[in-house]
Amino acid sequence: MAGSSAAGEFPKFTALRALTGSATPHVLVKFSGADASPTVTRWADLLVCEHLALECARTLPGIASARSRILIQAGRTFLEVERFDRHDRLGRSPLCSLDTLNAALLGKTPGDWPTFADALVAAKWLGDGDAQRRHHLWWFGRLIANTDMHLGNLSFQPTQGRLCLAPTYDILPMRHAPLAGGELPTDEVEPPLPLPRQRAIWLAACQAAVEFWSRVGADTRISEGFRRLGLEHGQRLQTLAEQV
Ligand SMILES: Nc1ncnc2c1ncn2[C@@H]1O[C@H](COP(=O)(O)OP(=O)(O)O)[C@@H](O)[C@H]1O
Ligand SMILES: [Mg+2]
């Protein structure tokens, strides 16, 4: 049985591969099941969504994200993500998840990413710029219906006694993931709106989210039903952006 050998929840494996133009041979590969059931199809759709979300996140100011590509083979969809905690063939680069940083430095009860980023700035571990970038990414995640922004899904790289935001990973519309029993969620998703002081960041994140949903709507690797849902989300956000 496939497990999640590299932590996280999705079945995945690590690999070394040679690919012209890539920054590193080290990759993480997540994959869907091989049958055509609605549940497996939705997970496969979400892997393509993760690839598209990583590309769209890069359009946010100062945000880097893991390079990825989709491969479809023997009925399965594979998401291959280049690792940023490796360099050359044998080198390891330091990476600390927010979860670990909280346990070691803050000791706060679990909360959302912006709260923790602000606490790291107050404790002088993180610069203001990185906290701002974090807010953009948080809103982008919310507007693409990513309900899985827990403290293990955000990491930092220690550099010269300070922390820098690591490239983004594991961002996808988890709100649309199959439920534990295999059913697909059907209820309406309401996009969150900003407070007046959050408007500028919301608008920038919304632009990237509209691009994300319109790419979901046009990507033929995604099932027809989910493409339609993507187009609807994109149009809804576009209308909201004109009214906010
Ligand atoms: N591109 C990457 N480079 C290095 N480490 C990564 C990368 N992507 C994910 N990770 C690490 O692997 C863990 C599992 O990956 P993730 O994408 O979060 O999987 P899941 O969807 O199963 O939660 C993450 O919590 C993070 O620590
Ligand atoms: Mg994860």
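Provided above is the structure to which this section pertains.
Residues numbered from 1 in each chain as written. Chains lettered and ligands numbered in written order. Predicted model: local features only at pLDDT ≥ 70, side-chain atom pairs only at ≥ 80, totals over all residues. Heavy atoms only, no water.

(A) Fine view of the pattern of salt bridges. Per the stated rule, a full pass over the model turns up 13 salt bridges. In this structure, Glu188 and Arg236 form a salt bridge, with 3.8 Å as the shortest nitrogen-oxygen distance. With a gap of 48 residues between them, Glu188 in the loop between strand 9 (162–165) and helix 5 (199–218) and Arg236 in helix 6 (residues 224–243) connect regions that are remote in the sequence. By relative accessible area, Glu188 is classed as exposed at 62%. (Salt bridge = Lys/Arg side-chain N within 4 Å of Asp/Glu carboxyl O. Helix = DSSP H or I, 4+ residues; strand = E, 2+ residues; numbered from the N terminus. Buried < 20%, exposed > 50% of the residue type's maximum accessible area, 1.4 Å probe, protein only.)

(B) Structural view of the coordination of the magnesium ion (ligand 2). Within the protein, the magnesium ion (ligand 2) binds to Asn153 (OD1) and Asp170 (OD); these donor distances fall in the range 2.1 to 2.2 Å. Of this pair, Asn153 sits in the loop between helix 4 (128–143) and strand 8 (155–159) while Asp170 is found in the loop between strand 9 and helix 5, placing the two residues 17 residues apart along the sequence. Neither residue differs from the other here; Asn153 and Asp170 are each classed as buried. (Donors = N, O, S within 2.8 Å, 3.2 Å for Na, K, Ca; no water.)

(C) Expanded view of the site of ligand 1. In the neighbourhood of ligand 1, 19 residues make up the surrounding shell, with Glu9, Phe10, Lys12, Lys30 and Asp170 lying closest. Contact distances for ligand 1 include 2.6 Å between an oxygen atom and a side-chain N or O atom of Lys12. With respect to ligand 1, the backbone of Glu82 contributes an N or O atom lying 2.9 Å from a nitrogen atom. Of all the elements in the fold, those that place two or more residues in the shell around ligand 1 are strand 2 (26–31) and strand 4 (76–82). Taken together, the residues that form the shell around ligand 1 break down as nine nonpolar, three polar and seven charged. (Near = heavy atom within 4 Å. Polar contact = N/O pair within 3.5 Å; in protein donor to acceptor, adjacent residues only side chain to side chain. Nonpolar A, V, L, I, M, F, W, Y, C, P; charged D, E, K, R; others polar.)

(D) Region of interest: the environment of Glu190. By the secondary structure assignment, Glu190 is in the loop between strand 9 and helix 5. With 43 residues separating them along the chain, Glu190 and His233 place their C-alpha atoms 9.5 Å apart. Within the local environment of Glu190, its side chain forms a polar contact with the side chain of Arg236, the two groups lying 3.1 Å apart.

(E) How the structure looks around the nonpolar core. Judged by nonpolar contacts, the single largest core of 58 residues is most densely connected at Leu98, Phe140, Phe156, Phe212, Val216 and Leu237. Contributions of two or more residues to this core are made by helix 1 (38–57), strand 4, helix 2 (98–106), helix 3 (113–122), helix 4, strand 9, helix 5 and helix 6. Looking at this core, the element that brings in the most residues is helix 5, giving ten residues. Sequence-distant contacts of Leu237, that is, excluding residues within four places in its chain, are made with Leu143, Pro191, Cys206, Ala209, Val210 and Trp213. (Core = buried A, V, L, I, M, F, W, Y, C linked by side-chain atoms within 4.5 Å. Contact = heavy atoms within 4.5 Å.)

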